[in-house]
Each structure stands twice: as C-alpha cells, then as structure tokens.
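If you want the building blocks of each chain, they are given just below.
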Amino acid sequence: MSLFLTITLISILTLFVWFFRTPRGTPLPNLSGPNPVLSFFQFAYNPIKLMTVGILEYTYKYPHIFPVSSVVGTEYILHDPKLVKEILLEKGQELVNHTPLTRSISHPEKIPTFYSLISIRDDEWKKRRKVMSPFFTLPKILPLVEIFRKQAEILCDILSKNEDGSILDIQYKFANLTADILGESVFGSQFNSQIDPSNSIAKAVASVVNGIGEYRLFLRIPYWYKFPFPKLQRFLTGTNQLMNLCRQMVQQHKEQGIPHNDLLQCLIDLNMDMETALIPESFLFLIAGHETTATLLSWAVYLIAQHPEVEKKILEEIIQVIGPNGEPTADNIPSLEYIDCVIQETLRLYPPAVVTDREVSVETVLDGHKFPKNCSFMVPIWAIHHNEKYWPNPEKFDPTRFDTEHKQNIQPFSWLPFGVGPRMCIGSKLSLVESKVVLAKLYQKFSFQLVAPTCTTAKAGGLLKPEQLLVKLRKI
Ligand code: HEM
C-alpha cells in the first residue's frame, strides 16, 4: 500500500476511533506523558514498537505512571513494580476486567473469544475461573508430564530422521508440538499435527493470533470482515476452521459417553452452553495455550544457540539429573533447576505477551492521583523486563539472575510474563513444566546453531515472536 493511502486510511480510522475514546466527559488526572496525537499514531502505525521500546523510552522520562493515547482511548502505563502489585494483586478482585478490546467492536460474534474467560467480566468471570482453576494446579499438571514427554519424543524422532547439519524451521516444529500437547492434555484429542504435515491447526491458530493483533483498529468498522485484505481473510478462515474443530471435539466428547479426564470434560459436566461457552472456551485455549509456549521454546533455542556456555551447562544438568538416556519424569524435573533459570530469563527478555491491562471499573486512587471509572491501566511487561533500574545490564542473557544465589536480588513484581494476581495466566504452570520437559528431551540429543540471516525482527501480531527461526541441527 502506498504511503499516501496508508496515511489517509489511518487518518480516517483515527477520527472514527476518536469518537469511541473513553472515558468521555470525565476529569482525568493531571499527569505528564508523551504527546497524545504522537503516541496515538505511534500505536496505530507500529503497536509492537510502541508497546516495547517506545514505552521503555517514555518510562525513563515519566516516572511511575503516565498516560498514552491508544486505539482504546487513554491508557495509563503503570511501570513501577510497586504500583503493578497494588493494581494487579492488592486491588485484583476489584479491578478484575481486561480493557474491553471489544468495547466498540462491530460484529463481535465473528470473534469467539468475546464469550471466553479472557473477555468475560466481573462475577461471570469469577465463577468460570473458579471452576477452571483446579485443572491447572501442579497436582493436575504433573501427571501430564507423560504426555509432554511422549510428544517431545515424537519431535526427537522426526529430528533424528534429518541428516546432521540439516537446516530446519524449528519454530514451525514447536508450533506443531505444542498444538499436539494441548490437544491431548486439555482436550483429550489427538491432533497429530507433528506427524501429519497437511494438518494445519498450528497455521490456523497463527493466522488468528496475528489477525487479532494486527486488525485491532479495523474491528471497529461496520462489516470489517468484508474487507478483502488477505491476512484478514486468513484470520476469518482460521477462525472458522478452529470453531469447527472445537464443535467437533465437544460433540465427540458428548457422543462417546465415557468421562474424559480433561478440561473439556470438566466444562461439559458443568452443562455450559455450546455457542456461548463450550466453543468460545475451547477456542480460547487453542489460541492462548499453544503458540505462547511454542514462542517461548523458540526464543529459548534462539538464545541458547548464541550462548554455548549456557548450552554446556544445560547438557551437564541433563546428564546429572536424568542421565544420557534417561527420561524426564514428574519426580526428576524439579531438579532441573538450571533449565528453569534459562526459561525464566528467556521469558524476561522475550515475554510473548508484551503488555497486559485492567479496566478501571471503580474510581481508583493510585500514587496520589484519582483515576475515574472506565479508564484503563496498561502494564508494560516487556518494558519492565528491560528496565535497567530493575535488571542490571538488561539486554544481557544471564540465566544466573534466577538461581538461588541471585534471585533474592530481583525486585518483586519486576518479572511478570504471565501477569500477576487473580487474573494472571491460568496456564502458566502447564507452560513452564511443558517447556522444561521439551528442552530436557531436545538438548539431551541435539544442539542447534543459528543460520544467518535469521530471527532479526519480532512480529507485530498478537505475540512477540521470531519472524523465522532457521537452525542447523547437530546430533549429540
Ligand atoms: C509462555 C506461555 C504463556 C504466556 C507468556 C502467557 C501469558 C499470559 C498473560 C500475560 C495473560 C494475562 C494475565 C494478566 O492479565 O494478568 C494470560 C492470560 C491467559 N492465559 Fe496465558 N500465557 C502462556 C501460556 C498459556 C497456556 C499454556 C494456557 C492454557 C493452556 C494459557 C491460557 C490463558 C488464559 C485462559 C488466560 C486468561 C485468563 C483469565 O482472564 O482469567 N496461557 N496469559
């Protein structure tokens, strides 16, 4: 698209969106921050840049909390960990809702997540979260290690069939792996994405996640789904494909009549409605649950490949805890402490979700300022993780920051890749245990080198993920 067309389109959208800015007619606290028009255009033009390095630069200029203009109106950026704690944890039951991206969206029925855990509000959210949470506790997750191990073994078998020195797109392999893990552990279904390359669940999920991220502005225009943009259309096709898959899984569970030991069964047992709960929740878990973990694994491989000393320590730990031919199990994985540190440091440098937010649902006093109902707080996860006030030499990959000797130096609430408080990520433990098992299995047998040019930019869509991650495989 030419520059002229882009500018015209953004200007029209700006006027349109300006109308829906919130809150209207309410006095806002007098806080200094970047020029609202400038930050609005920065947001509209390159949201991922504003939400990462852009906000980081502003945090050095505007202390604790400052306003920016974005597509959902004025958002207050909380970048002081003490304020983050106050809002997400201490006031977490009061300020429980996310900023409704869908507040003024047209045709929300086209986006099934509208009716799911991530979007529902207040008591409805509390009720549903309460019934889902027990499924994601450690005692429920540890028995799933067998599934993580078995699926990681399938990936190792696939990799073993390649010649030493072969070049692979490892991000794609991880997307299929984590889709299969999610299918089996959460839905009790075999997706077989790893062994059947024509299976496109992972691709459909990627197009949906990217679509929601990139088309945030468009979703407010009436009949937005009719625009012939290829990515938008891929997003809609992906959405339909995943909704059909969810419907099929629910129907199969119901028809088989045998109780399954998975999350889907737990939702079915609660007699939830098909269209407003079962399909949306299944859809949400598909899109929130696998690409995030695949992204974490990709960034981990990317960082380890650039730090041979880290790779060496990982292998030493695997040999010591599991043995050269042993298996990760629920009993031995807690002892993989160094891999834990690698995962935590990867999530610090490359948090897949770069921000989270809360709607101010009741007038709130914070840091001596009064915030009226209906404005929004944004927590800049990436910017806090890269702030030199909390992380000395923040761009350095140093897993020892999280070891027993150093972790007491970490400022509380300055590491929050999964958010914080009652609304934090429900799948955090699942993702952490899964990643540990996968990395232990992989680095027991393989080493990966980066292939240039690779992975230089982060994608602007819903998640901060590598553009492409080509690696050269070495068998150990
Ligand atoms: C590296 C992996 C992951 C990252 C970085 C991540 C990150 C996040 C973040 C930042 C939030 C918002 C938290 C807040 O606002 O305080 C969130 C919410 C959520 N995540 Fe994750 N997530 C990951 C994996 C998963 C997995 C594996 C699942 C499911 C199996 C999952 C399901 C969800 C759900 C359902 C929510 C909404 C929770 C609610 O609103 O009650 N996520 N995630």
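Up top is the structure these notes are about.
A few points on the structure. All values reported here derive from a predicted model rather than from experimental measurement. (Residues numbered from 1 in each chain as written. Predicted model: local features only at pLDDT ≥ 70, side-chain atom pairs only at ≥ 80, totals over all residues.)

Let's talk about the pairing of strand β9 (residues 470-475)
Then comes step 1: As paired strands, strand β3 (residues 167-169) and β9 are joined by three bridges and run antiparallel to one another. By the bridge assignment, Asp169 is partnered in β9 with Leu470.
Then comes step 2: Bridging between strand β8 (residues 446-450) and β9 involves five bridges; their strand directions are antiparallel. Following the sheet pairing, Gln449 is matched in β9 by Lys472. (Pairing = 2+ DSSP bridges. Helix = DSSP H or I, 4+ residues; strand = E, 2+ residues; numbered from the N terminus.)

Structural notes on the sheet that holds β9
Then comes step 1: Strand order in the open sheet formed by three strands is β3-β9-β8, with antiparallel pairing between adjacent strands. Two strands bound the open sheet, and with one partner strand each, they are β3 and β8. Ignoring strand direction, the axes of neighbouring strands in this sheet form an average angle of 45°.
Then comes step 2: Where helix α13 (residues 291-305) meets the sheet, its contacts fall on β8 and β9, and the angle it forms with β8 comes to roughly 80°. (Axes fitted to C-alpha atoms, helices over the stretch in contact; angles between N-to-C directions. Contact = placed C-beta atoms within 7 Å.)

Looking at the nonpolar core
As a rule of thumb, nonpolar side chains are buried together in soluble globular proteins.
Then comes step 1: Val205, Ala300, Val301 and Val342 are the most contacted members of the largest nonpolar core, which totals 115 residues.
Then comes step 2: Contacts of Ala300, omitting those with residues within four sequence positions, involve Val342, Ile343, Thr346 and Leu439. (Core = buried A, V, L, I, M, F, W, Y, C linked by C-beta atoms within 7 Å. Buried ≥ 20, exposed ≤ 12 C-beta atoms within 10 Å, placed from the backbone.)

Looking at the packing of α13 against helix α15 (residues 337-349)
Then comes step 1: At a minimum axis separation of 9 Å, α13 and α15 run at an interaxial angle of 100°. With respect to α15, the element α13 is oriented roughly perpendicular. For the pair α13 and α15, contact is made by Leu296, Trp299, Ala300, Leu303 and Ile304 and by Val342, Ile343, Thr346, Leu347 and Leu349, respectively.
Then comes step 2: Here the contact of α13 with α15 is built from residues that sort into nine nonpolar, one polar and no charged. (Parallel < 35°, antiparallel > 145°, perpendicular 65-115°, else oblique. Nonpolar A, V, L, I, M, F, W, Y, C, P; charged D, E, K, R; others polar.)

With respect to the site of the ligand
Then comes step 1: Near the ligand you find 27 residues, and of these Gly289, Thr292, Gly419, Cys425 and Gly427 are the closest.
Then comes step 2: Counting residues per element, the ones that place at least two in the shell around the ligand are α12 (274-289), α13 and α17 (428-445).
Then comes step 3: Top element by residues in the shell around the ligand is α12. It accounts for four residues.
Then comes step 4: Among the residues making up the shell around the ligand, the classes are represented as 18 nonpolar, seven polar and two charged. (Near = placed C-beta within 6 Å.)

A few points about the environment of Ile381
Then comes step 1: Within the secondary structure, Ile381 is located in helix α16 (residues 381-385).
Then comes step 2: For Ile381, a count of 27 C-beta atoms within 10 Å puts it in the buried group.
Then comes step 3: For Ile381, the contacting residues outside a window of four places in its chain are Pro351, Ala353, Val354, Val355, Thr356, Leu416 and Pro417.

Some thoughts on helix α14 (residues 308-321)
Then comes step 1: For α14, built from 14 residues, the straight-helix expectation of 20 Å at 1.5 Å per residue is met to within 8% by its first-to-last C-alpha distance of 20 Å.
Then comes step 2: Of the positions making up α14, those classed as buried are Val310, Ile314, Glu317 and Ile318. Viewed along the axis of α14, the buried residues span an arc of 100°, placing them on a single side of the element. Projecting away from the buried face of α14 at angles above 90 degrees are the exposed residues Pro308, Glu309, Lys312, Glu316 and Gln320.
Then comes step 3: Contacts from the buried residues of α14 go to α13, α15 and α17. (Expected span 1.5 Å × (residues − 1). Arc of directions from axis to C-beta.)

Function cannot be inferred from these measures alone, as they are strictly geometric.
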